[in-house]
Amino acid sequence: VFVSIHANSMPTEAERRTAHGVETFFLSADASDAAAQATADRENDEGGAVPEEQGDEVTAILDDLTRSQAHADSSRLAYVVQHQLSSDLSVPDRGVKQAPFRVLMGARMPAILVEIGFISSPREGKLLLDSGYQDRVARSLAAAIAADRKDPVLSPMFADLHGLPPSLLVTSTRDLLLSDTAIFHRALLRSGNDSQLVVFEALPHAFWYHFQLPETKEALALMAKFFDEKVAK
């Protein structure tokens, strides 16, 4: 497990007065939103260049498979850590996000980046300097890393799936949750459920929120047809 721990900050005075809480990231080529991209840009500006990797084609394929599983594990770890920290520290839960952080690139194990608070916040900045609060953060992180990441609360694929209504799973080849989505689809089928899996090409996670994409219209049409045929009966 690789956990990169950071203190967040905001550039403007107005943002410094209001921004506080914890957020957890795992790697993606596409940021979840503009705020996630801005955080990645700030962190990446402080780091060095990413070393280039070399190797033969077989090694590259094996590395890709390893990283695909690591990405799936990273997403689950991120949700565990985010829930644990926001609960233990009684701070605002800013959510789990994806962004292209350099420090997470190339990891072959579950890897996340945790922003444990805003050092630019008048209140949180003081807390982050307090040794007692730092100890609470460390204990919370340790508890999250040691937690059972196969808890059904964290992922439905570990729950009893028998008797669920028809399901439509839509993903894409650039979605870091593609592997988990495919595994969940097979789990639904093994449990005797009616499940459909549709995979689009070269699009990010939840691409159908990008209304300018031509594939969005196709994806929404598939969803509407599914609801008409399976749910509206």
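Everything quoted here is computed from the prediction, not taken from an experiment.

1. Some remarks on the overall build of the chain
Now for step 1: Along its length, the chain carries seven helices and six strands.
Now for step 2: Residues classed as buried in the chain amount to 39% of the 233 residues present.
Now for step 3: Across the chain, every contact between residues at least 6 apart in sequence was considered, and the portion connecting residues at least 24 apart equals 78%.
Now for step 4: Summing over all exposed atoms, the chain offers an accessible surface of approximately 13100 Å²; the carbon and sulfur share of this is 56%.

2. Some points on the pattern of salt bridges
Now for step 1: Scanning the model with the defined rule gives six salt bridges in all.
Now for step 2: With a closest N to O distance of 2.6 Å, Arg-76 and Asp-73 form a salt bridge. With Arg-76 and Asp-73 both in helix α3 (residues 57-89) and three residues apart, this pair spans about one turn of that helix.
Now for step 3: Assessed through its relative accessible area of 13%, Arg-76 is described here as buried.
Now for step 4: Overlapping salt bridges bring together Glu-23, Arg-94 and Lys-97 as one network.

3. Some remarks on the pairing of strand β4 (residues 111-118)
Now for step 1: Taking burial as the measure, the eight residues of β4 include eight buried ones, the bulk of the element.
Now for step 2: In the sheet, strand β1 (residues 2-8) pairs with β4 via six bridges, with the strands oriented parallel. Each bridged residue has a counterpart across the sheet, and for Phe-2 the counterpart in β4 is Ala-111.
Now for step 3: Note: strand β2 (residues 22-27) against β4, three bridges, orientation antiparallel. Paired with Glu-23 across the bridge in β4 is Glu-115.

Conventions used here
Just so you know, the residues in each chain are numbered from 1, in the order the chain's sequence is written. Since the coordinates come from a predicted model, pLDDT governs what is reported: local features require at least 70, and pairs of side-chain atoms require 80 or more to be given and counted, while whole-chain, interface and lining totals use all residues. Side-chain numbers here rest on the full set of heavy atoms in the structure, without hydrogens or water. Note on conventions: DSSP H or I runs of at least 4 residues are helices, E runs of at least 2 residues are strands, and numbering of each starts at the N terminus. For every residue, the accessible area obtained with a 1.4 Å probe (protein chains only) is divided by the maximum for its type, and the residue is called buried under 20%, exposed over 50%, and partly exposed between those limits. Contact criterion: two residues are considered in contact whenever any of their non-hydrogen atoms come within 4.5 Å of each other. Accessible surface is estimated by sampling points in the Shrake-Rupley manner with a 1.4 Å probe; for residues, cover comes only from the protein chains shown. The working definition used for a salt bridge is a side-chain nitrogen of Lys or Arg within 4 Å of a carboxyl oxygen of Asp or Glu. When DSSP finds at least two bridges between two strands, those strands are taken to pair.

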